[in-house]
Amino acid sequence: MTQLIQHILQKQNLSKKDIVRLLNSDETERKSLFAHAAEVKEAHVGKKVFYRGLIEYSNLCGKNCLYCGIRAGNKNAHRYEVTEEEVLEAARYAWENKFGSLVLQAGERSGKDYVRRIERLVKEIKEMSNGELGITLSLGEQSEETYRRWFEAGAHRYLLRIEVSNPELYHRYHPQNKIHDYEARLQALHLLRKVGYQVGSGVMIGLPFQTMEDLADDLLFFQEHDIDMVGMGPYIEHEDTPMYQYRDQLMPKMDRFYLSLKMVAILRIMMKDINIAATTAMQAIDPMGREKSIKVGANIIMPNLTPSRYREDYLLYEDKPCTDEDAEECKRCLEARIHMAGGEIGYGEWGDSKHFARRRKS
Ligand code: SAM
Ligand code: SF4
């Protein structure tokens with residue numbers, strides 16, 4: 001059977017059937033998949049791993065995605081917003097430690113004051129770092145004007161996961177209303193590209209009712225939409241969410257983990273020059289989850305720089321890691337672990353998606 005896997009891995013383009021076969025690979029077969037993905041990674045994006053210091057800016061959110069621990073309807077969540085001074089302090093730490101880039105992530109909010117506040121923060125981070133820190137935003141669906149304002153203020157990458165590319169499943173995991181609309185989310189990805197951002201997307205893996213065919217379609221979705229960067233990881237249940245009711249139907253966490261590793265490896269083979277993140281949810285299942293992702297294709301890591309006092313309130317799912325470490329501890333252990341995974345850290349570099357540079361030229 002490994003011969004069949006070898007045969008698939010030699011193909012120029014993977015069909016949906018090939019992808020499903022790779023996703024179903026057994027323990028021996030997956031070793032061949034991971035080894036091939038590692039070769040593709042080294043040949044196309046090299047050994048370098050780039051840091052994006054993550055600031056979980058706020059857990060206030062106007063939406064109610066049925067899987068998320070910080071959904072508006074979760075009355076048990078203790079809400080916060082990091083102060084301007086604290087954001088700048090974390091940004092300074094990132095800059096002084098040559099992290100290259102920052103990610104500002106939060107629940108989805110709108111309103112003039114909020115848009116202005118983010119715009120100001122982006123400008124201030126740029127000024128503080130002499131334009132040296134790259135800024136990625138992950139602040140949900142916004143209007144084209146808002147995307148443009150934040151872009152002009154200095155942000156140049158934006159992460160917006162499609163969450164699941166099958167519209168029927170999307171509707172199952174979200175309330176049925178205008179602010180949770182699949183088409184609007186898709187349109188947002190087009191708007192981001194039009195404004196000029198490097199566009200990131202992603203999905204959750206191992207959701208209830210999701211099949212291997214759905215996951216294969218997710219990978220083909222990234223290809224079809226010519227996405228520059230991808231962050232995807234296992235779905236992990238949270239008891240204060242409506243989707244918790246399906247917990248008995250989920251595959252074991254370790255299976256979700258290996259399935260996620262396979263997704264990363266297959267995507268690296270399909271989209272050789274994009275940026276792929278080793279996500280925190282991988283680490284939530286396996287303490288070495290992010291390093292294992294790096295070995296099989298990921299080249300981006302997001303060390304958490306959220307001030308410690310807010311960490312445990314950004315609880316998207318159970319057992320979210322790194323809630324009690326401070327930035328310095330995280331940095332030291334991460335550096336050693338990345339080296340162990342055969343990576344080199346691209347200190348002080350933006351590490352933009354090579355795919356984005358190529359699509360800009362053509
Ligand atoms: N609010 C913005 C948005 O939704 O695009 C950005 C922040 S949101 C917390 C970031 C990501 O967390 C989502 O895109 C989703 O994929 C992930 N997430 C939420 N709940 C999760 C869960 N239970 N398991 C794994 N990932 C989850
Ligand atoms: Fe809000 Fe994002 Fe969570 Fe949805 S996934 S509830 S938009 S924070």
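Calculation notes
One numbering rule holds for all chains: residues counted from 1, following each sequence as written. In the order they appear in the text, chains get letters beginning with A and ligands get numbers beginning with 1. pLDDT decides what is reported in this predicted model: residues at 70 or higher carry local features, side-chain atom pairs at 80 or more are listed and counted, and totals for whole chains, interfaces and linings draw on all residues regardless. Derived side-chain values reflect all non-hydrogen atoms in the structure, with water molecules and hydrogen atoms excluded from consideration. In DSSP terms, a helix is any run of H or I states spanning at least four residues, a strand is any run of E spanning at least two, and both are numbered starting from the N terminus. The atom set for the radius of gyration is the C-alpha atoms, and the globule formula is 2.2 Å times the number of residues raised to the power 0.38. Only protein chains enter the accessibility calculation, which uses a 1.4 Å probe; a residue whose area is less than 20% of its type maximum is buried, one above 50% is exposed, and one in between is partly exposed. Here, a strand pair is defined by DSSP locating no fewer than two bridges between the strands. One less than the residue count of a helix, multiplied by 1.5 Å, gives the span that helix is expected to have. Directions pointing from the helix axis toward each C-beta atom define the arc. Side-chain atoms within 4.5 Å are what join buried Ala, Val, Leu, Ile, Met, Phe, Trp, Tyr and Cys residues into a set we call a nonpolar core. Note on contacts: a residue pair qualifies if any of its non-hydrogen atoms lie within 4.5 Å across the two residues. When at least one non-hydrogen atom of a residue lies within 4 Å of a molecule or strand, that residue is treated as near it. Cavity means a closed set of points on a 1 Å grid over the protein atoms alone, one where a 1.4 Å probe fits but cannot get out, pocket means an open set with protein on both sides within 12 Å along at least 5 of 7 lines, and lining means a residue has an atom within 4 Å of a point. Assignment of a molecule to a cavity or pocket requires that more than half of its atoms lie within 2 Å of the corresponding grid points. When residues are grouped by polarity, Ala, Val, Leu, Ile, Met, Phe, Trp, Tyr, Cys and Pro land in nonpolar, Asp, Glu, Lys and Arg in charged, and all others, Gly among them, in polar.

Sorry, what's going on with the overall build of the protein here?
Helices and strands together make up the secondary structure of the protein, namely 15 helices and 11 strands. For the protein, whose C-alpha radius of gyration is 19 Å, the value lies close to the compact-globule estimate of 21 Å for 362 residues. Summarising its shape, the C-alpha atoms of the protein cover approximately 60 × 45 × 40 Å along the three principal directions. Burial analysis of the protein (362 residues in total) assigns 60% to the buried set.

What is the right way to look at the pairing of strand β5 (residues 198-201) in this model?
Regular strands have side chains that alternate between both faces of the sheet. The alternating pattern of β5 places Q198 and G200 and V199 and S201 on opposite faces, both of which are buried. Judged from the 3 bridges that link them, strand β4 (residues 157-159) and β5 form a sheet pairing that is parallel. The residue bridging Y158 from the neighbouring strand is V199, located in β5. Pairing of β5 with strand β7 (residues 229-231), which is carried by 2 bridges, proceeds in the parallel orientation. Across the sheet, the residue bridging to G200 is M229, located in β7.

Before we go on, may I ask you to explain helix α4 (residues 84-96) in this structure?
Residues spaced three or four apart along an α-helix point in a common direction, a consequence of the helix completing one turn every 3.6 residues. With 13 residues, α4 should cover 18 Å at 1.5 Å per step; its first-to-last C-alpha distance of 18 Å lies within 8% of that length. Within the span of α4, buried status applies to E86, V87, A90, A91, Y93 and A94. In a view along the axis of α4, the buried residues occupy a sector of 155 degrees, so they form one face of it. In this structure, α4 carries E85, E89 and E96 as exposed residues pointing more than 90 degrees from its buried face. In the segment just after α4, K98 is the residue with positive phi, at about 60 degrees.

Please clarify how the nonpolar core should be interpreted in this entry.
When a protein is soluble and globular, its nonpolar side chains tend to lie buried together. Ranked by internal contacts, the top residues of the largest apolar core, which has 109 residues, are L137, Y197, F222 and M232. If sequence neighbours within four positions are ignored, L137 has contacts with L104, V122, W150, A155, R157, Y158, L159 and Y197. The next biggest cluster of nonpolar side chains, apart from the first, holds 6 residues, and it includes F50, V103, I300 and M302.

How do you make sense of the site of ligand 2 when you look at a structure like this?
By nearness alone, every residue bordering ligand 2 is listed as C61, K63, C65, Y67, C68, I70, R71 and G107. When atoms are counted within 2 Å of each cavity's grid points, the one that captures over half of ligand 2 is the largest cavity. Tallied by class, the residues present in the shell around ligand 2 amount to 5 nonpolar, 1 polar and 2 charged.

So yeah, pure geometry; function would need other evidence.
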